[in-house]
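Listed below, chain by chain, are the residues.
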Amino acid sequence: MNYRTTHLTQASINLDHLSHNMHLLQKLAGNRPLFPAIKANAYGHGSEIIARHLIQLGYTTLCTAHISEAAELAERGIQATFIILSPTLPENSDYIIHYGFQPVVCSLEQLRALAEVASGQEKQVTIHVKVDTGMGRMGLYPEHVPAFLDECSQHHNIIVQGICSHFPRADENDHTFSQNQIDVFARLKKDTARHNIPLYHFANSAALFALQDAHFDAIRPGISIYGLKPSADMQLPELEKLKPVLSLKSRITFLKDVPAGTGISYGHTYSTENLARIATIPVGYGDGISRQLSNRLEVLACGVRCRQVGRICMDQCMIDVTPLGNSVSLGDEVVIIGNQGSETITADELAAKQETINYEIVTAISQRVPRIVDQ
Ligand SMILES: *Cc1c(COP(=O)(O)O)cnc(C)c1O
């Protein structure tokens, strides 16, 4: 018996859509390599499923945020080159060397610790040097990069494979700031040419779509591989070709007709105005659907948009299925994100209602929701 099939809320993952999106991104990138970002459980999509499919498609360099994320995949037998995007502390250098990960380095402490541990084990570490051209998060200022590279070249076991930077505003329609960053990075590329570093990489999804000059030698796309736009404001024809990889579905577990004036859920923030048919679905903030969406969420049942009513609980919430009449039954499918009939609910719709971004909506889908590959 497989108890997993009893879990009624599931994220279904459409790998054909993932293939489609990668094909689209590769067309934009030309012959440059893509290093897909699969951090945070592949933006909530299930990093093992996504990593295995990307590798099958030939994408064998993958980005995670943390050592632990890459190590978990490596322990499950996934063979890839992992770039660790976030800074690592000196004390964890031995993990990087043990697994052969490629850290992004931006401090002397980090560099020296890596060099020391590696030389103790007679191993080499391949690194990427991070430059802060305006993100304001991590990285060396451009003027400090040449001296840093000089220090790198003094450590015989440090191989600098790349120089990278990141965009804080590439998803905006005004590209003034991003263009300035690109100019700084291009100048740095010239100024460091004598180091013969193989890859200068800068572009995230937004820059891949909107900023041709930002493509340099490799691209690190994240959100777009999952078929989602980097920002609701971006209006480019190519972006409309993306296909969402994830759908979130559940089932009706309880159905009841209630009289007018019935309070629904904690705090009775909603009361029925008339006789109503109320369904319960096993989706709550424990699954990553924010309580902030209470009384604002809509879901699909019988191909019709239905309002979610009352507070969203940890494990359940209620929907008003009165308009469906007798066509609705216990066990019916309910779609929270995805298609049903001719209706669609997108992660962007939830994001707008929650005043956040689609990244947060999909990444929030919690561990207990099984990720099931669409057959
Ligand atoms: C997450 C991340 C990316 C991918 O960004 P998207 O906007 O999801 O395409 C690229 N580079 C770095 C450094 C990141 O942290």
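Note that this is a predicted model, so its numbers are computed, not measured.

**Focus on the nonpolar core**
Here's step 1: Core analysis: the biggest nonpolar cluster contains 111 residues, and Ile38 and Ile127 have the highest contact counts within it.
Here's step 2: Of the residues forming this core, the biggest block, six residues, is contributed by helix 1 (residues 15-29).
Here's step 3: In this structure, this core is formed jointly by two domains, domain 1 (32-233) and domain 2 (246-373), each of which donates at least three residues.
Here's step 4: Residues contacting Ile127, with those up to four places away along its chain left out, are Pro103, Val105, Leu111, Leu114, Cys152, Ile158, Ile159, Val160, Gln161 and Gly162.
Here's step 5: Formed by seven residues, the second largest nonpolar core is a distinct cluster that contains Val258, Tyr270, Ile278 and Met318.

**A few points about the UniProt feature "domain: Alanine racemase C-terminal" (unreviewed entry) in the chain**
Here's step 1: Feature annotation in UniProt places "domain: Alanine racemase C-terminal" (unreviewed entry) on residues 245-374, given in this structure's numbering.
Here's step 2: Between the end C-alpha atoms of residues 245-374 there is a gap of 10 Å, over a span that is 11% helix and 38% strand.

**Re the environment of Val321**
Here's step 1: Inspection of the secondary structure puts Val321 in the loop between strand 16 (317-320) and strand 17 (333-340).
Here's step 2: The residues contacting Val321, other than those within four sequence positions of it, are Leu255, Arg277, Ile278, Ala279, Cys306 and Val328.

**Things to note about the environment of Phe216**
Here's step 1: Turning to its location among the elements, Phe216 is positioned in the loop between helix 9 (205-210) and strand 8 (218-219).
Here's step 2: Exposure remark for Phe216: the relative accessible area of 16% places this residue in the buried category.
Here's step 3: Between the alpha carbons of Phe216 and Leu350 there is a distance of 34 Å; along the sequence they are 134 residues apart.
Here's step 4: Setting aside chain neighbours within four positions, we find Phe216 in contact with Arg32, Ile182, Phe185, Ala186, Lys189, Tyr200 and Phe202.

**With respect to the sheet that holds strand 7 (residues 199-203)**
Here's step 1: An order of 2-3-4-5-6-7-8 is seen for the seven strands of this open sheet, with the pairing classed as parallel. Every interior strand has two partners, whereas the edge strands, strand 2 (61-64) and strand 8, have only one.
Here's step 2: Where strand 3 (residues 81-84) and strand 4 (residues 102-105) come together, two bridges link them in parallel fashion. For Ile83, the partnering residue across the bridge sits in strand 4 and is Gln102.
Here's step 3: Helix 6 (residues 108-120) rests against strand 4, strand 5 (125-130) and strand 6 (158-164) of the sheet, and its axis sits at about 150° to strand 4.

**Brief notes about the site of the ligand**
Here's step 1: Not every one of the 13 residues close to the ligand is listed here, only the nearest: Lys39, Tyr43, Ser205, Ile223 and Tyr359.
Here's step 2: Separating an oxygen atom of the ligand from a side-chain N or O atom of Ser205 is a distance of 2.5 Å.
Here's step 3: Between an oxygen atom of the ligand and a side-chain N or O atom of Tyr359, the distance comes to 2.6 Å.
Here's step 4: Here the ligand loses 92% of its free accessible area of 390 Å² to cover by the protein chains.
Here's step 5: Tallied by class, the residues present in the shell around the ligand amount to five nonpolar, four polar and four charged.

Calculation notes
- Residues numbered from 1 in each chain as written.
- Predicted model: local features only at pLDDT ≥ 70, side-chain atom pairs only at ≥ 80, totals over all residues.
- Heavy atoms only, no water.
- Core = buried A, V, L, I, M, F, W, Y, C linked by side-chain atoms within 4.5 Å.
- Buried < 20%, exposed > 50% of the residue type's maximum accessible area, 1.4 Å probe, protein only.
- Helix = DSSP H or I, 4+ residues; strand = E, 2+ residues; numbered from the N terminus.
- Domains from an automatic or database assignment.
- Contact = heavy atoms within 4.5 Å.
- UniProt positions renumbered as here; feature names shortened; annotations may be inferred.
- Pairing = 2+ DSSP bridges.
- Axes fitted to C-alpha atoms, helices over the stretch in contact; angles between N-to-C directions.
- Near = heavy atom within 4 Å.
- Polar contact = N/O pair within 3.5 Å; in protein donor to acceptor, adjacent residues only side chain to side chain.
- Areas by Shrake-Rupley, 256 points an atom, 1.4 Å probe, with all protein chains shown as cover.
- Nonpolar A, V, L, I, M, F, W, Y, C, P; charged D, E, K, R; others polar.

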